[in-house]
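Architecture at a glance
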Amino acid sequence: MTDVLQSESRDGVLLLTLNRPEARNAVNSALREALAAAMHEFAADDSHRVVIITGAGEKAFCAGADLKEMADRSVGRPPTDYFAEFGPDDFIEKPVITAVNGAAYAGGFRLAQFGDLCLASETASFAISEARWSRGAPWAAPLTRMLPRRVLAELLLTARPITARRAYEVGLVNEVVPPSELLPRAWATARTIADNAPLSVKAFKWLMRVGAEAGVGATGAIAKELFRPVYDSEDAREGPRAFREGRRPEWKNR
């Protein structure tokens, strides 16, 4: 890793920490490249099953793209990889947990939204602040399905932050915990997921992806094909066998 992105690995779980606290963990070119590379590596590395993304310091998870750098470079319409693309259409097959330790604004909101699960400190806040600076947020498109229209209008049009508790109430956050409990809770949640059958977890991620973009009937039909290799796998036989024998399953991911 680099100075702007720190990593820690524990038994199949990877923690990535945005490490520019002096700039509220804003994503400049160095952090963008490091984060994209780390996420591509995670996606391809069978030794890691879950990733946690958090920010250094107590004030910010991520303030979005580094506006000072954007001003210096006179960035108008940013290229598709300007913030950090993690995979095709920003989709990867393995679970992502975002542990939001402070302000998650603009691209930081986008990064928090990228998590399959989002845990937040009581001190966290969330804002789609682009309207304040005449910027855009095409990445907010999935929110049209995640949020009621008036909640989305509040976020997009006012550009005002909402608290972690409000984010929880509208469904953007899974849990709100005291600051000292955020990372322990994220590690524990990641451990729970990592202990599950990896082929099932992968198929469920695809199910959520398809379900967000297709109707119920089409999703059901596609789901039968998504889970066919799960049912036909060695792991599908290992699960019931481990249950019968009263032990933890030993997943082979095949």
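Everything below is about the structure shown above.
Below is a summary of the structure that appears in this document. (Residues numbered from 1 in each chain as written. Predicted model: local features only at pLDDT ≥ 70, side-chain atom pairs only at ≥ 80, totals over all residues. Heavy atoms only, no water.)

1. Things to note about the pattern of salt bridges
This is how it is decided: By convention in these notes, a salt bridge is any Lys or Arg side-chain nitrogen within 4 Å of a carboxyl oxygen on Asp or Glu. Each helix is a run of H or I in the DSSP string that is no shorter than four residues. Each strand is a run of E no shorter than two, and both are numbered from the N terminus. The cut-offs for exposure are 20% and 50% of the maximum accessible area for each residue type, with area from a 1.4 Å probe on protein chains only; residues under the lower value are buried, those over the upper are exposed, and the others partly exposed.
Summed over all chains, the structure comprises 14 salt bridges. The closest approach of N and O atoms between Glu 93 and Lys 202, which form a salt bridge, is 3.6 Å. Of this pair, Glu 93 sits in the loop between helix H2 (67-72) and strand S5 (96-100) while Lys 202 sits in helix H8 (residues 198-213); the two residues are 109 residues apart in sequence, bridging distant segments of the chain. Relative accessible area serves as the criterion here: at 33%, Glu 93 is assigned to the partly exposed category. A relative accessible area of 36% means that Lys 202 is categorised as partly exposed. We note a salt bridge from Glu 234 to Arg 254, for which the minimum N-O separation is 3.1 Å. With a gap of 20 residues between them, Glu 234 in helix H10 (residues 234-245) and Arg 254 in the segment after H10 connect regions that are remote in the sequence. A cluster of three or more residues bridged by salt bridges with shared partners is formed by Glu 238, Arg 241, Arg 244, Glu 245 and Arg 247.

2. Details of the nonpolar core
Filter applied, for reference: Here, nonpolar core refers to any group of buried Ala, Val, Leu, Ile, Met, Phe, Trp, Tyr and Cys residues whose side-chain atoms link them within 4.5 Å.
In terms of nonpolar packing, the biggest core is built from 43 residues, with Met 39, Val 100, Phe 126 and Leu 172 touching the most fellow members. If you look at the next biggest cluster of nonpolar residues, it comprises 15 residues, including Val 13, Ile 52, Ile 97 and Ala 194.

3. Some details on the sheet that holds strand S1 (residues 5-10)
Filter applied, for reference: Whether two strands pair comes down to DSSP finding at least two bridges between them. Note on method: axes are straight lines fitted to C-alpha atoms, helices fitted across the in-contact stretch only, with angles between N-to-C directions ranging 0 to 180 degrees. Two residues qualify as a contact provided that any one of their heavy atoms is within 4.5 Å of a heavy atom in the partner residue.
Reading across the sheet, the six strands line up as S1-S2-S3-S5-S7-S10 and stay open at both edges, with mixed pairing between neighbours. Edge strands, defined here as strands with exactly one partner in the open sheet, are S1 and strand S10 (175-177). Pairs of neighbouring strands in the sheet enclose a mean axial angle of 20 degrees, with direction left out of account. Judged from the three bridges that link them, strand S7 (residues 117-121) and S10 form a sheet pairing that is parallel. Across the sheet, Ala 120 pairs through a bridge with Val 176, a residue of S10. Lying over the sheet, helix H3 (residues 107-114) contacts strand S2 (13-18), strand S3 (50-55), S5 and S7, oriented at roughly 135 degrees with respect to S5.

4. Notes on the sheet that holds strand S9 (residues 162-163)
Judged by pairing direction, the sheet is mixed, and its four strands sit side by side in the order S4-S6-S8-S9 without closing on themselves. The sheet is open, and its two edges are formed by strand S4 (60-62) and S9, each paired on a single side. Two strands pair when backbone bridges link them, and strand S8 (residues 125-127) and S9 are joined in this way by two bridges, in the antiparallel orientation. Directly across from Phe 126, in S9, lies its bridge partner Ile 162. The strands touched by H3 are S4, strand S6 (103-105) and S8; relative to S6, the strand with the most contacts, the crossing angle is about 100 degrees.

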